[in-house]
Amino acid sequence: MYNRLITSRHSVSLLAGLGAMLCITALSSLGSAIQSTIWLIPPFGATMVILFGLPESPLAQPRNIIVGHLLTTAIGLSVAALAGVTPWSMGLAVGLAVSSMLLTNTTHPPAGANPLVVMLAGEHWDFLLMPVAAGTVLIVAFGVLYHRLISGQRYPKRWL
């Protein structure tokens, strides 16, 4: 029994790592192929942990991944446009992002970093579409295919 449990845990862990590797490789390859666009942001790496390691979690569901990333990025862009980039505005943006995800039931912890990414990198509104909107939609699509065809885990548990 113990050996079966260890083997199962190892299999799930290795499959999660494989899914994360393949998804980030695909996004990175798109960035290399289309030189004028960015397809990766650091929070996407953290999204991989939840999507491939905990696909049944409410935090891993498509609505949470896509809306969570879009909402927090828009908040970061808005605060930067209205208040500039200061320690206080960065704190305000992250606080508003956390509150907004909780209020809208779209909590996705990796997205909490998006306001900082936006503000520290000096991004503009086009960042919301590329890489955030396009990237999250591709991540979710990849997750659906990967879990249905390779990992055998049920994903998504719910769409909306």
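Residues numbered from 1 in each chain as written. Predicted model: local features only at pLDDT ≥ 70, side-chain atom pairs only at ≥ 80, totals over all residues. Heavy atoms only, no water.

Novice: Residues and numbers for the packing of helix 2 (residues 42–53) against helix 6 (residues 126–151), please.
Specialist: Look at helix 2 against helix 6: their axes get within 11 Å of each other, and the N-to-C directions meet at 25 degrees. Here helix 2 is positioned roughly parallel relative to helix 6, judged by the angle of their axes. As helix 2 packs across helix 6, the resulting crossing turns out to be right-handed. Mapping the contact onto sequence places F44, T47, M48, L51 and F52 in helix 2 and P131, V132, G135, T136, I139, F142, G143, Y146 and H147 in helix 6. Of the residues that constitute the contact of helix 2 with helix 6, the class distribution is nine nonpolar, five polar and no charged. (Axes fitted to C-alpha atoms, helices over the stretch in contact; angles between N-to-C directions. Helix = DSSP H or I, 4+ residues; strand = E, 2+ residues; numbered from the N terminus. Parallel < 35°, antiparallel > 145°, perpendicular 65-115°, else oblique. Left-handed = near helix turned anticlockwise from the far one by under 90°. Contact = heavy atoms within 4.5 Å. Nonpolar A, V, L, I, M, F, W, Y, C, P; charged D, E, K, R; others polar.)

Novice: Break down the environment of G143 for me, citing the residues and quoting the values.
Specialist: Counting through the fold element by element, G143 comes out in helix 6. C-alpha separation for the pair G143 and P62, spaced 81 residues apart in sequence, amounts to 9.2 Å. Not counting chain neighbours up to four residues away, the residues in contact with G143 comprise L51, F52 and Y155.

Novice: Lay out the nonpolar core with the relevant residues and their values.
Specialist: Counting 22 residues, the largest nonpolar core has M48, L51, F52, F127, I139 and Y155 as the members making the most contacts within it. For this core, the secondary-structure elements that each account for two or more residues are helix 1 (2–33), helix 2, helix 3 (62–83), helix 5 (114–121) and helix 6. The element best represented in this core is helix 6, accounting for seven residues. Those residues in contact with I139 that sit more than four places away from it in its chain are C23, L27, F44, T47, M48 and L51. V79, M90, A93 and M119 belong to the second-largest nonpolar core, a separate cluster that totals six residues. (Core = buried A, V, L, I, M, F, W, Y, C linked by side-chain atoms within 4.5 Å. Buried < 20%, exposed > 50% of the residue type's maximum accessible area, 1.4 Å probe, protein only.)

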